[in-house]
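Next come the chains, spelled out residue by residue.
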Amino acid sequence: LRSRIIEAMTLLCLFVLPYLKSDSFHLHHWFGMWFLGMQSNAPEWWSRTFQAFALGSYVNGIAVYGRDPILGCQLAFYRSTNLDCEFMQCYME
């Protein structure tokens, strides 16, 4: 049980906490299901069943809606201003 808690906290610190303070953070269901699928790795049948459900929901979310970034607006703004998007010239002036 202790190793599972350490694993969950490590993944939380690496993949969720750095983004929480951002105003444009949006927890897409594909990301939530991926995160929960990573946690359900016990050898018991119920854990494997939930892992199949979570990873199936992850794949469904990516296939249907696309893999939108977690920092949606902030990432779009960064890409448009730093990759010399012509549409953003009015902002850059």
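What counts and what doesn't
Residues numbered from 1 in each chain as written. Predicted model: local features only at pLDDT ≥ 70, side-chain atom pairs only at ≥ 80, totals over all residues. Heavy atoms only, no water. Patch = residues over 30% accessible without salt bridge, like charges linked within 9 Å, V, L, I, M, F, W, Y side chains within 5 Å. Areas by Shrake-Rupley, 256 points an atom, 1.4 Å probe, with all protein chains shown as cover. Salt bridge = Lys/Arg side-chain N within 4 Å of Asp/Glu carboxyl O. Buried < 20%, exposed > 50% of the residue type's maximum accessible area, 1.4 Å probe, protein only. Helix = DSSP H or I, 4+ residues; strand = E, 2+ residues; numbered from the N terminus. Contact = heavy atoms within 4.5 Å. Phe/Tyr/Trp six-rings, centres within 6.5 Å; stacked < 30°, edge-to-face > 60°. Core = buried A, V, L, I, M, F, W, Y, C linked by side-chain atoms within 4.5 Å. pLDDT = per-residue confidence, 0-100. Axes fitted to C-alpha atoms, helices over the stretch in contact; angles between N-to-C directions. Parallel < 35°, antiparallel > 145°, perpendicular 65-115°, else oblique. Left-handed = near helix turned anticlockwise from the far one by under 90°. Nonpolar A, V, L, I, M, F, W, Y, C, P; charged D, E, K, R; others polar.

A cluster of nonpolar side chains, namely L1, I5 and M9, defines an oily patch on the protein surface of about 360 Å² accessible area. The class of L1 is exposed, set by a relative accessible area of 81%.

Let us look at helix α3 (residues 29-39). Listing the buried residues of α3 in full gives W30, F31, G32, M33, F35 and G37. Where α3 is buried, its residues meet α1 (2-15) and α4 (45-65).

Under the criterion given, the structure shown has four aromatic pairs. With 5.8 Å between their ring centres and 90° between their planes, W30 and F31 make a pair best called edge-to-face. Each member of the pair W30 and F31 is classed as buried. With centroids separated by 6.1 Å and ring planes inclined at 45°, the aromatic side chains of F50 and F53 adopt a geometry described as tilted. Pair noted here: F50 and F53 are both in helix α4, with a separation of three residues, about one helical turn. F50 gets classed as partly exposed once you look at its relative accessible area, which sits at 34%.

Attention shifts here to the nonpolar core. General note: in soluble globular proteins, nonpolar side chains tend to be found buried as a group. Membership of the largest hydrophobic core is limited to seven residues, which are L11, V16, F25, W30, F31, F35 and I70. For this core, the element with the most residues is α3, which contributes three residues. Setting aside residues up to four positions removed in sequence, L11 forms contacts with V16, F35, M38 and Q39.

Let us look at the confidence of the model for the protein. Of the residues in the protein, 85% reach a pLDDT of 70 or more, and the chain-wide mean stands at 80. When mean pLDDT is compared element by element in the protein, α4 scores highest at 90, while helix α6 (residues 89-92) scores lowest at 60.

Before going further, it helps to spend a moment on the environment of Q74. You can see Q74 is positioned in helix α5 (residues 72-82). Along the primary structure Q74 and S24 are separated by 50 residues, whereas in three dimensions their C-alpha atoms are 6.0 Å apart.

Here we take up the side chain of S40. Considering the arrangement of structural elements, one finds S40 in the loop between α3 and α4. Since its relative accessible area comes to 8%, S40 is described here as buried. Those residues in contact with S40 that sit more than four places away from it in its chain are S47, F50 and Q51.

Our next topic: the packing of α1 against α3. Think of two packed helices as two axes; the pair is described by the angle between the axes and how far apart they sit. At a minimum axis distance of 10 Å, the contact between α1 and α3 shows a crossing angle of 155°. Relative to α3, α1 is oriented roughly antiparallel. In this structure, the crossing between α1 and α3 has a hand that is right-handed. Touching R4, E7, A8, L11, L12 and F15 of α1 are F31, W34, F35, M38 and Q39, all from α3. Considering only residue class, the contact of α1 with α3 consists of eight nonpolar, one polar and two charged.

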